[in-house]
Amino acid sequence: MDVSRAQAALRQIAKGFEELAAALGPADEPDESERTAGLIAEWGTRGLTQRQASALFRKHGFAPQTAGGWARGDWIAIGEDGLRYLTARSHEWLEERA
């Protein structure tokens, strides 16, 4: 298998998807920072189950697996009750953004 040809083909496919998305209309979706702010604001201080947290991430345009990265980055902590809570870091980020 010629790896460089496969890489070039994948780049062409990705470019095609970008062109298709552009053809579907204007990209008036919120950027990652806006989606992050919306997620934090909606989550608030309540605890969420893993399923609820995953659904909230999806609702705001993130893959559910993003929660794992947030946990490793100290944005989410699992409480003694097993629920996921936003850390002070998350709330501080939102306050600084305002």
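This structure is a prediction, so every number in the text was calculated from the model and none was measured.

Quick notes on the rules
- Residues numbered from 1 in each chain as written.
- Predicted model: local features only at pLDDT ≥ 70, side-chain atom pairs only at ≥ 80, totals over all residues.
- Heavy atoms only, no water.
- Helix = DSSP H or I, 4+ residues; strand = E, 2+ residues; numbered from the N terminus.
- Rg over C-alpha atoms; globule rule 2.2 N^0.38 Å.
- Contact = heavy atoms within 4.5 Å.
- Lys, Arg positive; Asp, Glu negative; His and termini not counted.
- Charge placed at Lys NZ, Arg CZ, Asp CG, Glu CD.
- Core = buried A, V, L, I, M, F, W, Y, C linked by side-chain atoms within 4.5 Å.
- Buried < 20%, exposed > 50% of the residue type's maximum accessible area, 1.4 Å probe, protein only.
- Arc of directions from axis to C-beta.

Another aspect to go through is the overall build of the protein. The helix and strand inventory of the protein stands at 5 helices and 2 strands. Traced from its N-terminal end to its C-terminal end, the protein shows the element sequence α-α-α-α-β-β-α. For a compact globule of 98 residues, the expected C-alpha radius of gyration is about 13 Å, and the protein comes in at 18 Å, more than 25% above that figure. Its C-alpha atoms put the protein at 50 × 35 × 25 Å along the principal axes. Taking all contacts inside the protein whose residues are at least 6 apart in sequence as the whole, residues at least 24 apart take part in 49%. Each charge class in the protein was averaged separately, 12 positive and 15 negative side chains, and the resulting centres sit 7 Å apart.

Moving on, we come to the nonpolar core. Core analysis: the largest hydrophobic core is formed by 13 residues, its most contacted members being Leu39, Trp43, Phe57, Trp70, Ile76 and Leu86. Elements supplying a minimum of two residues to this core: α2 (32–43), α3 (50–59) and α4 (66–72). Sequence-distant contacts of tryptophan 70, that is, excluding residues within four places in its chain, are made with Thr36, Leu39, Ile40, Phe57, Trp75, Ile76 and Leu86.

Take α3 next. Among the residues of α3, Ala53, Ser54, Leu56 and Phe57 are the ones counted as buried. One face of α3 carries all of its buried residues, which in axial projection span an arc of 160°. Summarising the geometry of α3, the exposed residues directed more than 90 degrees from the buried face are Arg51 and Lys59. Structurally, α3 contributes buried residues whose contacts are with α2, α4 and β1 (76–78). Glycine 61 occupies a position one or two residues after α3 and carries a positive phi of about 85°.

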